[in-house]
Amino acid sequence: MSYNINSLVVNKKKFKYIAQGEGPLVLLVHGWPETWVSWKNQINFISELGFMVCAFNTRGYGDSYCPQDIKKYSLKFFTEDLLDIISFFNKDRAILIGHDWGAPICWTTAAYHKEKISGVIGLSVPFTRRGKCSSTKLWKSLYKNIFFYQNYFQKLDIPEAELEKDISSSLQKIYYWCSAEGFKDNIKTSKSLNSGLLDGIKLPNGRLKWLNNENLNYTVADFKKSGFKGSLNRYRAQEIDWHELKELDKLSITPPSLFIGGEYDPVRRFIKDYDAYKNAGKFCENFKGSHIIKDAGHWVQQEKPNEVNKIIRNFLIDLKN
């Protein structure tokens, strides 16, 4: 299916977006390293349920607002972007669905602005409160003697140079690494602290049946426009988040909420002997359940679209009733 791709400008910020359908507004917020394209299996499906769906490229991604300063990539600004987009469409409220980094963006918006959010679904990353230290410091402590991609991303320009050398190859390797197929094939990054992200990761060579060439080419084209700096600055801004979002010590998610994760998602096991998905609704007051999708990795809405869409449908229909 072809989509009418547009650009909106709000508060002097431009965002590439796709909007479809009529009814209550649903915002689809992508993660890294993806774009609006990661929601292709959901856009038409959700709009046919009687909703207005908007999938967009977040700040830092192709044809959207791409400031250079790391400070401009703190969660506070991504939250403001969602509120601005809701206002652009002349809506009072919206339902948020976010994957990977899109999930914390949605969770944070719902925590701080519950009056603007009718419901929230997080994919791959559950809602958590503010920790005793920033995520940046946590990963440096846990992975001080071994490579960890988030620590690598704190380096300036080096990850950009590696990933931008061959964008198509970089994306395919990352998708393979964090997929169910990658889990089964034991695809892992190098353990050496001096390695790059892609060292040791091979190309999927047809293993990812869910990743079609058209979607890949769309995504490659957007990263060729923006490069990787903005998207990596989101990782670099986590220390800023910890200082700016102090209210997250106590805030809960009060709108109806839901969590969806893949069985083989590496996000589950970032911390040794701890399953991050075990109590996904701990700080959600109107939690509608946690759904772990069998035989899925990190790219859950692309790897298992039918299963994910069924869960989304039930959630949205329940909100309407």
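What you are looking at is a predicted structure, and each value in this text was computed from that prediction instead of being measured.

Rules used in this analysis
- Residues numbered from 1 in each chain as written.
- Predicted model: local features only at pLDDT ≥ 70, side-chain atom pairs only at ≥ 80, totals over all residues.
- Heavy atoms only, no water.
- 1 Å grid on protein atoms, 1.4 Å probe; cavity = no way out; pocket = protein on both sides within 12 Å on 5 of 7 lines; lining within 4 Å.
- Points joined across faces, edges and corners; volume = space filled by probe spheres on them.
- Helix = DSSP H or I, 4+ residues; strand = E, 2+ residues; numbered from the N terminus.
- Nonpolar A, V, L, I, M, F, W, Y, C, P; charged D, E, K, R; others polar.
- Axes fitted to C-alpha atoms, helices over the stretch in contact; angles between N-to-C directions.
- Parallel < 35°, antiparallel > 145°, perpendicular 65-115°, else oblique.
- Left-handed = near helix turned anticlockwise from the far one by under 90°.
- Contact = heavy atoms within 4.5 Å.
- Core = buried A, V, L, I, M, F, W, Y, C linked by side-chain atoms within 4.5 Å.
- Buried < 20%, exposed > 50% of the residue type's maximum accessible area, 1.4 Å probe, protein only.
- Phe/Tyr/Trp six-rings, centres within 6.5 Å; stacked < 30°, edge-to-face > 60°.
- Pairing = 2+ DSSP bridges.

Colleague: What's the story with empty space enclosed by the protein in this structure? I'm lost.
Modeller: Empty pockets left among the atoms are what a rolling probe the size of a water molecule brings to light. All told, the structure shown has 2 cavities of 30 Å³ or more when counted by the stated rule. Considering only enclosed or pocket space, the largest cavity measures out at about 70 Å³ in volume. A per-element tally of the lining of the largest cavity places helix α9 (residues 213-226) first, with 3 residues. In terms of residue class, the lining of the largest cavity is made up of 5 nonpolar, 5 polar and 1 charged. The calculated volume of the second largest cavity comes to roughly 50 Å³. Every residue lining the second largest cavity is listed: H30, W32, T58, R59, Y61, F78, W101, I105, S231 and R234. Its residues assigned to classes, the lining of the second largest cavity shows 5 nonpolar, 3 polar and 2 charged.

Colleague: Teacher, can you tell me more about the packing of helix α7 (residues 167-177) against α9 here?
Modeller: The relative placement of two packed helices is expressed as an angle between their axes plus a distance between the axes. Here α7 crosses α9 at 120 degrees, and the two axes come no closer than 9 Å. Relative to α9, the element α7 is oriented oblique. Where α7 crosses over α9, the handedness of that crossing is right-handed. Of α9, the residues touching α7 (which contributes I167, S168, L171, Q172 and Y175) are L216, T219, V220, F223 and K224. A breakdown of the residues in the contact of α7 with α9 according to their chemical character gives 6 nonpolar, 3 polar and 1 charged.

Colleague: Hey, could you run me through the nonpolar core in this one?
Modeller: Soluble, globular proteins show a tendency: their nonpolar side chains are buried together. Counting 37 residues, the largest nonpolar core has W32, Y149 and L197 as its most contacted members. Elements with a minimum of two residues in this core: α5 (149-152), α7, α9 and α10 (229-236). A total of 6 residues in this core trace back to one element, the largest contributor, which is α7. Contact partners of W32, with chain neighbours within four places excluded, come to Y61, D100, W101, F153, L163, I174, L197, F228, S231, L232, Y235 and W299.

Colleague: How should the packing of aromatic side chains be read in this particular structure?
Modeller: Geometry of an aromatic ring pair is reported as the spacing of the ring centres plus the angle between the planes. Throughout the structure, instances matching the rule amount to 31 aromatic pairs. On the basis of an interplanar angle of 75 degrees and a centroid distance of 5.7 Å, the ring pair of Y3 and W36 is categorised as edge-to-face. With Y3 in the segment before β1 (5-10) and W36 in the loop between β3 (25-29) and α1 (40-47), the pair connects residues that are 33 residues apart, well separated along the chain. Classification of Y3 by relative accessible area gives buried; the value is 15%. Both rings, one in W32 and one in F228, keep their centres 6.4 Å apart while their planes meet at 70 degrees; by these two values the pair is edge-to-face. Of the two residues, W32 sits in the loop between β3 and α1 while F228 sits in the loop between α9 and α10, which places them 196 residues apart along the sequence.

Colleague: Would you mind showing me how to read the pairing of strand β7 (residues 257-262) here?
Modeller: Across a regular strand the side chains alternate sides, sitting on one face of the sheet and then on the other. Most of β7 sits out of view: 6 of its 6 residues are buried. Of the two faces of β7, the one carrying S257, F259 and G261 and the one carrying L258, I260 and G262 are both buried. Pairing analysis gives 4 bridges linking strand β6 (residues 117-123) to β7, with the strands arranged parallel. By the bridge assignment, V120 is partnered in β7 with S257. Across 5 bridges, β7 lies against strand β8 (residues 287-293) in parallel orientation. Note that in β8 the partner of I260 across the bridge is H291.

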